[in-house]
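A closer look at the structure
The primary structure of each chain is shown beneath.
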Amino acid sequence: MITGPSGVGKGTLIHALQDHLPQLQLSVSATTRSPRPGEQDGVAYHFLGRDEFARRVVAGEFVEHAEYAGNSYGTLRSELDGRLDAGIPVVLEIEVQGARQIREALPEAVQVFIAPPSREALRERLVGRGTDPPEQVVRRLETADDELAARGEFSYVVVNDRLEDAVAQLLEIVGRELGDDESAASAQYS
Ligand code: 5GP
């Protein structure tokens, strides 16, 4: 699983990782947040209403779920079940509270925290990408302080300064984990 603050470049890094390791499949999360322009339901996220999200929480359909910047996000068991059974490695792109839950449920999961080179660099990225309204940028930066304080909990920390360097580090970590430890690929959650 790949975690770290919003705007740090998790999505970009995962895409680059998949270019090199096409066997990696991305888990499509569920969220109550509204789609951004260009985001397709079932591709970027499974976009759910609040009631539907809550119903699925009660029904036990999530491996993990969390509130983040005013919305709910979660990983559906259906995204993992068949793939893990088949030994297909799955990548989760999630925030820190969810990552903690995955650590409990799936202790074999490879845990990577992506850190920005500085808080200022993170702010510039969040503002510069222009995907979130100003009040969301503020909320995300406030949350980032807590998230950055949690980096020591994760087995691997990759600083996303130069993209190529971060991709190379990530490839090294994931390649090693998948190659040396079959359990990373075939892990079962409890
Ligand atoms: P965004 O709204 O920018 O797409 O996502 C906000 C944050 O939620 C990001 O840090 C993203 O990684 C995280 N996130 C996306 N999907 C999930 C999920 O399934 N579970 C959790 N816990 N966080 C998620």
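To start, this report covers the structure provided alongside it. Fair warning: this is a prediction, and the values are worked out from it, not measured in the lab.

Comments concerning the sheet that holds strand 9 (residues 156-159)
- Sheet architecture is open: three strands sit in the order 1-8-9, paired in parallel fashion. Each having just a single partner strand, strand 1 (2-3) and strand 9 make up the two edges of the open sheet.
- For strand 1 and strand 8 (residues 112-115), the ladder comprises two bridges, and the chain directions are parallel. Looking across to strand 8, one finds that Thr3 is bridged to Phe113.

Focus: the packing of aromatic side chains
- Applying the stated criterion across every chain yields a total of five aromatic pairs.
- Pairwise contacts between aromatic rings join Tyr45, Phe47, Tyr68 and Tyr73 into one cluster.
- The aromatic ring of Phe154 is capped on one face by Arg103, whose charged end is 4.8 Å from the ring centroid.

What to know about the sheet that holds strand 4 (residues 46-47)
- Pairing within the open sheet is mixed, and its four strands lie in the order 4-3-6-5. Single-partner strands in this sheet number two, and they are strand 4 and strand 5 (62-68).
- For strand 3 (residues 30-31) and strand 6 (residues 71-76), the ladder comprises two bridges, and the chain directions are antiparallel. Bridged to Thr31 within strand 6 is Tyr73.

A word on the site of the ligand
- The environment of the ligand is formed by 17 residues, the closest being Ser29, Arg33, Tyr45, Tyr73 and Arg140.
- Side-chain polar atom of Tyr45 to an oxygen atom of the ligand: 2.5 Å apart, as the coordinates give it.
- In this structure, a nitrogen atom belonging to the ligand sits 2.7 Å away from a side-chain N or O atom of Glu95.
- Protein contacts shield 96% of the accessible area of the ligand, which totals 510 Å² for the unbound molecule.
- Sorting the residues of the shell around the ligand by element identifies strand 5 and strand 6 as the ones contributing at least two each.
- Here the residues of the shell around the ligand are counted per class, giving five nonpolar, four polar and eight charged.

Let's talk about the nonpolar core
- Ile2, Leu24, Val112, Ile114, Val158 and Leu170 are the most contacted members of the largest nonpolar core, which totals 25 residues.
- Where this core is concerned, the elements lending two or more residues are helix 1 (10-20), strand 8, helix 5 (119-129), helix 6 (134-149), strand 9 and helix 7 (163-180).
- By residue number, the principal contributor to this core is helix 7, which donates six residues.
- Beyond its immediate stretch of four places on either side in the chain, Ile2 contacts Lys10, Ile14, Val91, Leu92, Glu93, Ile94, Val112, Ile114 and Leu170.
- Membership of the second largest hydrophobic core comes to 18 residues, among which are Val63, Ile94, Leu106 and Leu148.

A word on the packing of helix 5 against helix 6
- Two elements in contact, helix 5 and helix 6, have axes separated by 10 Å at closest approach and are oriented at 155°. In terms of orientation, helix 5 and helix 6 fall into the roughly antiparallel class. The crossing of helix 5 and helix 6 is right-handed. Contacts between helix 5 and helix 6 involve Arg119, Leu122, Arg123, Leu126, Val127 and Arg129 from the former and Val137, Arg140, Leu141, Ala144 and Asp145 from the latter.
- Residue composition of the contact of helix 5 with helix 6, by class: six nonpolar, no polar and five charged.

Considerations on the side chain of Arg140
- Inspection of the secondary structure assignment puts Arg140 in helix 6.
- According to the relative accessible area criterion, Arg140 is buried, its value standing at 5%.
- Setting aside its immediate chain neighbours within four residues, Arg140 contacts Ser6, Arg33, Arg36, Tyr68, Ala69, Tyr73, Leu126, Arg129 and Asp132.

Calculation criteria
- Residues numbered from 1 in each chain as written.
- Predicted model: local features only at pLDDT ≥ 70, side-chain atom pairs only at ≥ 80, totals over all residues.
- Heavy atoms only, no water.
- Pairing = 2+ DSSP bridges.
- Helix = DSSP H or I, 4+ residues; strand = E, 2+ residues; numbered from the N terminus.
- Phe/Tyr/Trp six-rings, centres within 6.5 Å; stacked < 30°, edge-to-face > 60°.
- Lys NZ or Arg CZ within 6 Å of the ring centre and 35° of its normal.
- Near = heavy atom within 4 Å.
- Polar contact = N/O pair within 3.5 Å; in protein donor to acceptor, adjacent residues only side chain to side chain.
- Areas by Shrake-Rupley, 256 points an atom, 1.4 Å probe, with all protein chains shown as cover.
- Nonpolar A, V, L, I, M, F, W, Y, C, P; charged D, E, K, R; others polar.
- Core = buried A, V, L, I, M, F, W, Y, C linked by side-chain atoms within 4.5 Å.
- Buried < 20%, exposed > 50% of the residue type's maximum accessible area, 1.4 Å probe, protein only.
- Contact = heavy atoms within 4.5 Å.
- Axes fitted to C-alpha atoms, helices over the stretch in contact; angles between N-to-C directions.
- Parallel < 35°, antiparallel > 145°, perpendicular 65-115°, else oblique.
- Left-handed = near helix turned anticlockwise from the far one by under 90°.

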